[in-house]
Amino acid sequence: MDVEMKDASATPTATAAQQQTTDSETEKILADSGVAATVSVSLHPLVIMNISEHWTRTRAQEGKPKNVYGALIGKQAGRDIEVMNSFELEYSIVEGQVVFIREYYTQKEEQFKQVFPDMDFLGWYCTGDKPGAQEVAMHKQIMQINESPLFLQMAPGGGNCTELPVYLYESVIDMIEGQARILFVKLPYTLATEEAERIGLDHVARIVSGGESSSSKTADQLTAQHSAIKMLAGRVKLILQYVKAVEKGELPHNHEIMRQIKSLSHRLPVLQSDRFNPQFLTQCNDVALMTLLGTVMKSANNLNQFVNKFSVSHQRQSGRRMRGLFL
């Protein structure tokens, strides 16, 4: 009986020690709060929008929330880093660990270099609540590309109403129990926007804040013009009905009203003049040309997306043999 009591008392002790070890390892993922940041980071809203779209699209396709991964690109001048854009990364699961596909990253980097030659690879991003051992292992893979990469983590649906659920980290190597380990240091960041980003954010904010009833500034302006033209057409139709009723003798002839109608008609441009038809046709041609240009751009965008999806699908099927065809 005494032996059993000793075993029973030893079991909670072992469990507590194991729990303490686990908690210690979890705490060791992040460096102490006293460790100062070595870089200054500016984050563009385009990166946040890309990550949000990536996570939302993956969730809709998979039917459940799933972590997504990608690369961060931008500019670095000394200790000042500006994260300006991002792109997705393909990966595979090997023995429960996420392994990035290096060939896909190389291909995407070459494509971005052609469009943005002044941008460099700065780090990577993923979704989740807080860094863990898996993020450390993935960070080691990224360190093979960049010795000091940034790590951005977004918590979809997390955070509060006053702060973005976006956290930036840099890595440091510290000695823990005689072993060199990678620790994450939380970085402060500032939001930096350009004119195009501000316009896009304003449009998205209107849609999110107002729901279905909201619209952009352009839609509000077009709606106001449509209402004004509709009101003008209604008033002209009413005046025309009055004149026809007076001609038929249905209404008494009022000289004051007829003089006002005649004065109003003289203010309108003469539709049968030689100046109206050329200007009207020119304006119609301009509108038709803009409509055609918009249709062509939309078709080109759809074709570009189709080619990209076809290339990704064909590359997955053929593997590395596809790369040999273009070399």
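Everything below is about the structure shown above.
Figured I'd write up the structure that's included with this text.

Reading the values: the criteria
Residue positions are given per chain, counting from 1 as you read along its sequence in written order. In keeping with the model being predicted, local features are shown solely for residues with a pLDDT of at least 70 and side-chain atom pairs are shown and tallied solely at 80 or more, while totals for entire chains, interfaces and linings include all residues. Only hydrogens and water are set aside; all other atoms, that is, all heavy atoms of the structure, feed into the side-chain values. Among buried residues, those of type Ala, Val, Leu, Ile, Met, Phe, Trp, Tyr and Cys that are joined through side-chain atoms within 4.5 Å constitute a nonpolar core. With a 1.4 Å probe rolled over the protein chains alone, any residue whose accessible area is under 20% of its type maximum counts as buried; one over 50% counts as exposed, and the rest are partly exposed. Whether two residues are in contact is decided by their heavy atoms: any pair within 4.5 Å suffices. Classification of ring pairs rests on two measures: the distance between centres of Phe, Tyr or Trp rings, Trp counted by its six-membered ring, which must be within 6.5 Å, and the angle between planes, read as stacked under 30 degrees, edge-to-face over 60 and tilted in between. To qualify as a helix, a DSSP run of H or I must reach at least 4 residues; to qualify as a strand, a run of E must reach at least 2; elements of each kind are numbered from the N terminus. When DSSP finds two or more bridges between two strands, those strands count as paired. A cavity here means a set of 1 Å grid points, computed over protein atoms only, where a 1.4 Å probe fits but cannot escape. A pocket is an open set with protein on both sides within 12 Å along at least 5 of 7 lines, and lining residues have an atom within 4 Å of a point. Grid points are joined across faces, edges and corners, and a volume is the space filled by probe spheres set on the points. Each residue is assigned to one class: nonpolar for Ala, Val, Leu, Ile, Met, Phe, Trp, Tyr, Cys and Pro, charged for Asp, Glu, Lys and Arg, and polar for all the others, Gly among them. Angles shown run from 0 to 180 degrees and are taken between the N-to-C directions of axes, each axis being a line fitted to C-alpha atoms and, for helices, limited to the stretch in contact. Salt bridge, as applied in this entry: a Lys or Arg side-chain nitrogen positioned within 4 Å of an Asp or Glu carboxyl oxygen. Handedness of a crossover is defined as follows: with both strands directed away from the viewer, a clockwise route from the first strand across the helix to the second makes it right-handed.

**Observations concerning the nonpolar core**
In terms of nonpolar packing, the biggest core is built from 22 residues, with Tyr 69, Phe 87, Phe 100 and Trp 124 touching the most fellow members. Phe 87 has contacts with Gly 70, Ala 71, Ile 73, Tyr 105, Lys 108, Phe 112 and Tyr 125, leaving out every residue within four places of it along the chain.

**Section: the packing of aromatic side chains**
Throughout the structure, instances matching the rule amount to twelve aromatic pairs. Consider the rings of Phe 87 and Tyr 105, whose centres lie 6.4 Å apart with planes at 20°: the pair is stacked. Residue Phe 87 is found in strand S3 (residues 80-88), and its partner Tyr 105 is found in helix H3 (residues 102-115); the two are separated by 18 residues along the sequence. Note on accessibility: Phe 87 and Tyr 105 belong to one class, buried. Ring geometry for Tyr 105 versus Phe 121: centroids 5.2 Å apart, planes at 70°, classification edge-to-face. Of the two residues, Tyr 105 is situated in helix H3 and Phe 121 in strand S6 (residues 120-127); the sequence distance between them amounts to 16 residues. An aromatic cluster of at least three residues, connected via ring pairs, comprises Tyr 69, Tyr 91, Phe 100, Trp 124, Phe 151, Tyr 169 and Phe 184.

**Quick word on the pairing of strand S4 (residues 91-94)**
Both faces of the sheet carry side chains from a regular strand, because those side chains alternate between them. Relative to strand S5 (residues 97-100), S4 runs antiparallel, the two sharing four bridges. By the bridge assignment for S5, Tyr 91 is matched with Phe 100. Hairpin geometry of S4 and S5 is characterised by an intervening segment of two residues between the two adjacent antiparallel strands and by a positive phi of about 55° at Glu 95.

**Examining empty space enclosed by the protein**
Vacant regions in the atomic arrangement are exposed by a probe of water-molecule size rolled over the atoms. With the rule as written, the count across this model stands at one cavity of 30 Å³ or more. Of the volumes computed, that of the largest cavity is approximately 70 Å³. Surrounding the largest cavity, Ile 73, Phe 87, Tyr 105, Glu 109, Phe 112, Lys 113, Phe 116, Met 119, Asp 120 and Phe 121 form its lining. Looking at the lining of the largest cavity, the elements with two or more residues in it are H3 and S6. It is H3 that provides the largest number of residues to the lining of the largest cavity, a total of four residues. Considering only residue class, the lining of the largest cavity consists of seven nonpolar, no polar and three charged.

**Regarding the sheet that holds strand S10 (residues 189-191)**
On the basis of which strands lie adjacent, the open sheet formed by eight strands has the order S9-S8-S7-S6-S2-S3-S1-S10 and mixed pairing. This sheet does not close on itself; its edge strands, each paired only once, are strand S9 (179-187) and S10. The mean angle between the axes of side-by-side strands here comes to 35°, regardless of whether they run parallel or antiparallel. Relative to S3, strand S2 (residues 69-77) is paired through eight bridges, and the arrangement is antiparallel. Paired with Lys 75 across the bridge in S3 is Glu 82. The strands that helix H2 (residues 45-62) touches are strand S1 (40-43), S2, S3, S6, strand S7 (150-154), strand S8 (166-176) and S10; relative to S3, the one it contacts most, it runs at about 25°. In the packing of H3 onto the sheet, contacts are made with S2, S3 and S6, and the angle to S3 comes to roughly 115°.

**A short note on the pattern of salt bridges**
It is possible for side chains of opposite charge to pair when their charged atoms get near one another. As enumerated under the stated definition, the model contains five salt bridges in all. Among the ionic pairs, Lys 75 bridges to Asp 118, the shortest N-O distance being 3.1 Å. Of this pair, Lys 75 sits in strand S2 while Asp 118 sits in the loop between H3 and S6; the two residues are 43 residues apart in sequence, bridging distant segments of the chain. By relative accessible area, which is 33% here, Lys 75 ends up partly exposed. In this structure, Arg 259 engages Glu 256 in a salt bridge whose closest nitrogen and oxygen atoms are separated by 2.8 Å. Placement of both Arg 259 and Glu 256 in helix H7 (residues 255-267) is noted, with a separation of three residues, approximately one turn of the helix. Judged by relative accessible area, which is 53%, Arg 259 ranks as exposed. Using a relative accessible area of 41% as the deciding quantity, one classes Glu 256 as partly exposed. One network of salt bridges, in which partners are shared, links Glu 53, Arg 57 and Glu 88.

**Describing the pairing of S6**
Burial analysis of S6 places seven of its eight residues in the buried class, the great majority of the element. In this structure, S2 lies alongside S6, joined through six bridges in antiparallel fashion. Its bridge partner lying in S6, Leu 72 is registered against Gly 123. One ladder, built from five bridges, connects S6 with S7; its direction is parallel. Directly across from Trp 124, in S7, lies its bridge partner Phe 151. The parallel pair S6 and S7, bridged by helix H4 (residues 133-142), forms a crossover whose chirality is right-handed.

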